Amino acid sequence: MWLVLLIVAAVVLTADLITKILAVALIEPGDPVEIIGDTVTFRLVRNSGAAFSMATGYTWILTIVALAVVVGIIRYSKRLGSVWWALGLGLVLGGALGNLIDRIFRAPGPLRGHVVDFMSVGWWPVFNIADSAVVCGAVLLVGLTLFGFEFDGTRTGKNAPPESEANEPGVQESKTSSTSSANERSEASDDGKRQEH
């Protein structure tokens, strides 16, 4: 499953980097490009905060948090047994790496770099593909947790698969008892035939 995680993360990271490069090259700051009137636009913004422009001014703290998230996901990735968890973690990993690269390599300097945001939808804060991937991945992971789907592929709670009847003690005892009774009847029948002869 770790391979699924890496592929998803790579796709998200590649898409994020390419769209940011294009946004910086083609969109002038303060001159949004209208897609659907004023509702959906491409608007170039340099964000020093977290996703959707939150926690502005805490860039170095957010950089450390992002690094911790990346290390944590990579560390536990080989224990994955669920495709859905691999998908969710891949989205979060790809998004975290996308914005982390901005914070490390963009101005004003390492660990303080501002993230490139360029997609604006209505009243929603300007965001990028990395932000979207992190949010979608997080929502998926929360949903999996709530419905009892564990990262190792097992299921808990109401979604846990019923135990096989073959493994239930009562059924095993019943089968053993039935087998014993059948053997006893067979032996009695054989004894009766011998006595007749």
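Only a predicted model underlies this, so the values are computations on that prediction, with no experimental measurement involved.

### Some points on the packing of helix α3 (residues 83-105) against helix α4 (residues 129-146)
Right, on to step 1. Interhelical geometry of α3 versus α4 gives an angle of 150° and a closest axis separation of 7 Å. Judged by the angle between their axes, α3 and α4 are roughly antiparallel. As for the relative orientation of α3 and α4, their crossing is left-handed in sense. In contact with W84, W85, L87, G88, L89, L91, V92, G95, A96, G98 and N99 of α3, α4 contributes A130, D131, A133, V134, C136, G137, A138, L140, L141, L144 and T145.
Right, on to step 2. Grouping the amino acids of the contact of α3 with α4 by side-chain chemistry returns 15 nonpolar, six polar and one charged.

### Comments concerning the UniProt feature "transmembrane region" (unreviewed entry) in the chain
Right, on to step 1. Here the UniProt feature "transmembrane region" (unreviewed entry) sits at residues 57-76, 83-101 and 121-149.
Right, on to step 2. Secondary structure across residues 83-101 divides into 100% helix and 0% strand, with the first and last C-alpha atoms of the span separated by 27 Å.
Right, on to step 3. Each end of residues 121-149 is marked by a C-alpha atom, and these two atoms are 33 Å apart; helix forms 62% of the span and strand 3%.

### A look at the side chain of N47
Right, on to step 1. Mapped onto the fold, N47 is located in strand β2 (residues 40-47).
Right, on to step 2. Reaching out from N47, the side chain makes a polar contact with the side chain of D117 at a distance of 3.1 Å.

### Some thoughts on the nonpolar core
Right, on to step 1. The biggest cluster of nonpolar side chains holds 15 residues, and the ones touching the most others in it are L5, I73, L80, W85, L89, L93 and L141.
Right, on to step 2. Within the residue set of this core, elements represented by two or more residues are α1 (2-26), α2 (59-76), α3 and α4.
Right, on to step 3. Among the elements that take part in this core, α3 stands out by supplying seven residues, more than any other.
Right, on to step 4. Membership of the second largest hydrophobic core comes to seven residues, among which are I27, V116, F118 and F127.

### Points about the pattern of salt bridges
Right, on to step 1. Evaluation of the coordinates by the stated rule reveals three salt bridges.
Right, on to step 2. Across the pair D16 and K20 runs a salt bridge whose closest N-O atoms are separated by 2.8 Å. With D16 and K20 both in helix α1, this residue pair falls four residues apart, about one helical turn.
Right, on to step 3. Residue classification places D16 among the buried positions, given a relative accessible area of 0%.
Right, on to step 4. Through salt bridges with shared partners, one network takes in D16, K20, D102 and R106.

### Structural notes on the environment of A133
Right, on to step 1. Mapped onto the secondary structure, A133 falls in helix α4.
Right, on to step 2. Owing to a relative accessible area of 7%, A133 belongs among the buried residues under this scheme.
Right, on to step 3. For the pair formed by A133 and G90, sequence separation is 43 residues and the distance between their alpha carbons is 8.8 Å.
Right, on to step 4. Sequence-distant contacts of A133, defined by excluding residues within four places in its chain, comprise V12, L91, V92 and G95.

Cut-offs applied
Residues numbered from 1 in each chain as written. Predicted model: local features only at pLDDT ≥ 70, side-chain atom pairs only at ≥ 80, totals over all residues. Heavy atoms only, no water. Axes fitted to C-alpha atoms, helices over the stretch in contact; angles between N-to-C directions. Helix = DSSP H or I, 4+ residues; strand = E, 2+ residues; numbered from the N terminus. Parallel < 35°, antiparallel > 145°, perpendicular 65-115°, else oblique. Left-handed = near helix turned anticlockwise from the far one by under 90°. Contact = heavy atoms within 4.5 Å. Nonpolar A, V, L, I, M, F, W, Y, C, P; charged D, E, K, R; others polar. UniProt positions renumbered as here; feature names shortened; annotations may be inferred. Polar contact = N/O pair within 3.5 Å; in protein donor to acceptor, adjacent residues only side chain to side chain. Core = buried A, V, L, I, M, F, W, Y, C linked by side-chain atoms within 4.5 Å. Buried < 20%, exposed > 50% of the residue type's maximum accessible area, 1.4 Å probe, protein only. Salt bridge = Lys/Arg side-chain N within 4 Å of Asp/Glu carboxyl O.

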